[in-house]
Amino acid sequence: AQSVAQPEDQVNVAEGNPLTVKCTYSVSGNPYLFWYVQYPNRGLQFLLKYITGDNLVKGSYGFEAEFNKSQTSFHLKKPSALVSDSALYFCAVRALTGGGNKLTFGTGTQLKVEL
Amino acid sequence: AAGVIQSPRHLIKEKRETATLKCYPIPRHDTVYWYQQGPGQDPQFLISFYEKMQSDKGSIPDRFSAQQFSDYHSELNMSSLELGDSALYFCASSSNRALDTFGSGTRLTVV
């Protein structure tokens, strides 16, 4: 079985400061890892993914994430937060092979960026 | 670029009624997924189809059924609706395991 843990329900950060949203995963074999963002009453918007290759992946809107296999983590980061980044962030995992097709999501982290 | 289209955007039904949600995947995407997101919850996988055949099944109630048609659009049929079925239902499509594109969702409210 595959699972994702997002240990923080909410992260508060001041605009202009760096932000980190944490994610750890469990999956058999190698993972596909994703970050999605959800604004209120909206769909899931893709931010970035890790499939293979460089452990640091860069995505939309200045976000990046670092894949750490030994710690089974895929934390989302941004060097300088904006108020408009305030939203709900989901980490998700899919097994590279086998394990079915489904994405398994974490419980989400509400990011609040304040002036 | 074309996205995943879901209809309707909003749906209000009474208990014990039926509902049909539709999903039109991105052209040439061969896989469709359905997810249910309850209030304040993370999306939960319901069911998926690959090339019009069911490929994986999650926590989908027996009252729900789904299929993918020859034009690759998919429908989620929900019968004997319960208050607890009120949720945001997402459809996603993919042409490989590397990226799923989600629709904007259908918000179902059961009253």
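Before any of the text, the structure's been laid out above.
Residues numbered from 1 in each chain as written. Chains lettered and ligands numbered in written order. Predicted model: local features only at pLDDT ≥ 70, side-chain atom pairs only at ≥ 80, totals over all residues. Heavy atoms only, no water.

Turning our attention to the environment of Val4(A). Residues and elements named next belong to chain A. Note that Val4 resides in strand 1 (residues 3-5). In this structure, the C-alpha to C-alpha distance between Val4 and Tyr32, residues 28 residues apart in sequence, is 12 Å. Sequence-distant contacts of Val4, defined by excluding residues within four places in its chain, comprise Cys23, Thr24, Tyr25, Cys91, Ala92, Val93, Thr104, Phe105 and Gly106. (Helix = DSSP H or I, 4+ residues; strand = E, 2+ residues; numbered from the N terminus. Contact = heavy atoms within 4.5 Å.)

Now for the packing of aromatic side chains. Following the criterion strictly, the structure yields 15 aromatic pairs over all chains and no others. With a centroid separation of 6.0 Å and an interplanar angle of 70°, the aromatic rings of Tyr36(A) and Phe46(A) are classed as edge-to-face. Residue Tyr36(A) is located in strand 5 (residues 31-38), and its partner Phe46(A) is located in strand 6 (residues 44-50); the two are separated by 10 residues in the primary sequence. On the numbers, 5.6 Å between centres and 45° between planes, the contact of Tyr35(B) with Phe102(B) is tilted. Pair noted here: Tyr35(B) is in strand 4 (residues 31-37) and Phe102(B) is in strand 10 (residues 101-102), with a separation of 67 residues, a long-range link. For the pair formed by Tyr35(B) and Phe102(B), the shared burial category is buried. Three or more aromatic residues link up through ring pairs in this structure, and these residues are Phe34(A), Tyr36(A), Phe46(A), Phe90(A), Phe105(A), Tyr33(B), Tyr35(B), Phe45(B), Phe90(B) and Phe102(B). (Phe/Tyr/Trp six-rings, centres within 6.5 Å; stacked < 30°, edge-to-face > 60°. Buried < 20%, exposed > 50% of the residue type's maximum accessible area, 1.4 Å probe, protein only.)

Evaluation of the coordinates by the stated rule reveals two disulfides over all chains. The disulfide partner of Cys23(A) is Cys91(A), and the S-S distance across this bridge is 2.0 Å. Its torsion about the S-S bond being -60°, the disulfide of Cys23(A) and Cys91(A) is classed as left-handed. With Cys23(A) in the loop between strand 3 (19-21) and strand 4 (24-26) and Cys91(A) in strand 10 (residues 87-95), this residue pair connects regions lying 68 residues apart in the sequence. Cys91(A) sits in the buried class, given a relative accessible area of 0%. The disulfide partner of Cys23(B) is Cys91(B), and the S-S distance across this bridge is 1.7 Å. Judged by the torsion about the S-S bond (-55°), the Cys23(B)/Cys91(B) disulfide is left-handed. Of this pair, Cys23(B) sits in strand 3 (residues 19-24) while Cys91(B) sits in strand 9 (residues 87-94), placing them 68 residues apart in sequence. (Disulfide = S-S within 2.5 Å.)

This next bit is on the interface of chain B and chain A. Each partner contributes residues to the interface: chain B has 20 residues there, and chain A has 24 residues. Together, the buried faces of chain B and chain A total about 1800 Å²; carbon and sulfur atoms form 51% of this surface. Counting across the chain B and chain A interface gives one salt bridge. At the boundary of chain B and chain A, one finds five residue pairs in polar contact (both at pLDDT 80 or more). Elements with a contribution of two residues or more to the side of chain B that touches chain A: strand 4, strand 5 (44-50), strand 6 (53-57) and strand 9 of chain B. Per-element tally for the side of chain B that touches chain A: the top contributor is strand 4 of chain B, with three residues. Partitioned by chemical class, the residues of the side of chain B that touches chain A number nine nonpolar, six polar and five charged. (Buried area = accessible area lost by both parts, 1.4 Å probe. Salt bridge = Lys/Arg side-chain N within 4 Å of Asp/Glu carboxyl O. Polar contact = N/O pair within 3.5 Å; in protein donor to acceptor, adjacent residues only side chain to side chain. Nonpolar A, V, L, I, M, F, W, Y, C, P; charged D, E, K, R; others polar.)

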